[in-house]
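Observations on chain architecture
Each chain, written out:
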Amino acid sequence: TEETTPQEETEQPTGEPEAAAPARRSAAKTAHDYVYIELNDTKLQLFSGQGIASNSATEITQSSGGVAYYNDGTLTLNGLQADYIECYRGLTIQVNGANTLNGWVEAGSYNRHCGIYVYGDLTITGSGTLEVSTASYSGDRSPYGIYCDRSLTLNGAKVTVSGANGSYCICAKEGITVNGGTLDIT
């Protein structure tokens, strides 16, 4: 079955005091507190407090060591070599060591045309490197190296995004801010 992209919630009158609305929106945002990582043809769903021990792993661990660890909106990478990362909320990626995302393409699935797909703000920080590439594609949906529905902020790390024929390197609907680190786009 084809996965669909979550739609923005529209504010509906609820009869609650206006001060309660931000708390309700905050609770709704945490409903998607997980991240997907595709590696070795296996899509792993990490909830807060879970990780991936190695690049050959096919199961998640409850340990913070290894190549990837997700905790409370932050995904820490340390030598990850995977196809893509997918998240349906804002995400911070802490980059340690050398990390690579190959940008996998699956026909009929928009969010899997990306190396990183984030439905929210994306912040990349750390002292390591992150190389993201896209696969060549000639279908009706062009792949992206990095796609975020809101803004992309780079607060460190060296990020390299390479786009193949028929693809885009970065789409950040609300802009890109580089506060530190390096962003190379080819």
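Quick look at the structure, then. (Residues numbered from 1 in each chain as written. Predicted model: local features only at pLDDT ≥ 70, side-chain atom pairs only at ≥ 80, totals over all residues. Heavy atoms only, no water.)

A closer look at the sheet that holds strand S13 (residues 144-148)
This is how the line gets drawn: DSSP bridges decide pairing: two strands pair if at least two such bridges lie between them. Strands are runs of DSSP state E lasting at least 2 residues, helices are runs of H or I lasting at least 4, and numbering of each runs from the N terminus. For helices, the axis comes from a line fit to the C-alpha atoms of the stretch in contact; other axes are also lines fit to C-alpha atoms, and the angle between any two N-to-C directions lies between 0 and 180 degrees.
Spatial ordering of the open sheet is given by S2-S1-S7-S10-S13-S15, a layout of six strands whose pairing is mixed. On the outer flanks of this sheet lie strand S2 (42-47) and strand S15 (168-172), each paired with one strand and no other. In this sheet, adjacent strand axes meet at a mean angle of 10° when their direction is disregarded. Bridging between strand S1 (residues 34-39) and strand S7 (residues 84-87) involves four bridges; their strand directions are antiparallel.

Here we look at the environment of Leu75
Operational definition: Here a residue-residue contact requires only that any non-hydrogen atoms of the pair lie within 4.5 Å.
Assignment of secondary structure puts Leu75 in strand S5 (residues 74-78). Spatially, the C-alpha atoms of Leu75 and Ser48 are 9.2 Å apart, while their sequence positions differ by 27 residues. Discounting residues that sit within four places of it in the chain, Leu75 has contacts with Val35, Ile37, Leu46, Ala68, Tyr69, Tyr70, Ile85, Leu91, Thr92, Ile93 and Gln94.

Points about the nonpolar core
Just so we agree on the cut-off: Think of a nonpolar core as a cluster: buried Ala, Val, Leu, Ile, Met, Phe, Trp, Tyr and Cys residues, connected wherever their side-chain atoms sit within 4.5 Å. Think of it in three bands: with a 1.4 Å probe and only protein chains considered, a residue is buried below 20% of the maximum accessible area for its type, exposed above 50%, and partly exposed in between.
Ranked by internal contacts, the top residues of the largest apolar core, which has 36 residues, are Ile37, Leu75, Ile85, Leu91, Leu122 and Ile124. Ranked by the residues each element gives to this core, the list is headed by strand S14 (residues 152-162), at five residues. If you look at the next biggest cluster of nonpolar residues, it comprises nine residues, including Tyr88, Tyr117, Tyr147 and Cys171.

Some points on unusual backbone geometry
Unusually for a residue other than glycine, Asp41 sits at a positive phi of about 60°. Inspection of the secondary structure puts Asp41 in the loop between S1 and S2. Residue Asp41 is classed as exposed on the basis of its relative accessible area of 67%. A positive phi angle, near 50°, is found at Asp72, a position not held by glycine. Relative to the assigned elements, Asp72 resides in the loop between strand S4 (68-71) and S5.

Remarks on the side chain of Gln50
Put simply, the rule is: In protein, a polar contact means a hydrogen-donor-capable atom and an acceptor-capable atom, both N or O and within 3.5 Å, with residues adjacent in sequence counting only if both atoms are side-chain atoms; elsewhere, any N or O pair within 3.5 Å suffices.
Inspection of the secondary structure puts Gln50 in strand S3 (residues 50-52). Judged by relative accessible area, Gln50 falls into the buried class, the value being 11%. Within the structure, the side chain of Gln50 is placed 2.8 Å from the backbone nitrogen of Phe47, a separation counted as a polar contact. The contact partners of Gln50, leaving out residues within four places of it in the chain, are Gln45, Ile60, Thr61, Gln62, Tyr69 and Tyr70.

A closer look at the environment of Ser127
For Ser127, the location among the structural elements is in the loop between strand S11 (122-126) and strand S12 (129-133). Here the alpha-carbon distance between Ser127 and Lys158, two residues 31 residues apart in the chain, equals 7.5 Å.

Re the packing of aromatic side chains
Test applied: Between the rings of Phe, Tyr and Trp (Trp by its six-membered ring), a pair exists once the centres lie within 6.5 Å; its type follows the angle of the planes, with under 30 degrees stacked, over 60 edge-to-face, and the other angles tilted. Counting as a charge over the ring demands two things of the Lys NZ or Arg CZ atom: a distance within 6 Å of the ring centre and an angle within 35 degrees of the ring normal.
As enumerated under the stated definition, the model contains six aromatic pairs in all. For the ring pair Tyr34 and Tyr36, a centre distance of 5.4 Å and an interplane angle of 70° mean the geometry is edge-to-face. Here Tyr34 and Tyr36 have matching classes, each one buried. These aromatic residues form a ring-pair network of at least three members: Tyr88, Tyr117, Tyr144, Tyr147 and Tyr168. Just above the ring of Tyr36 sits the side chain of Lys43; from NZ or CZ to the centre is 4.0 Å.

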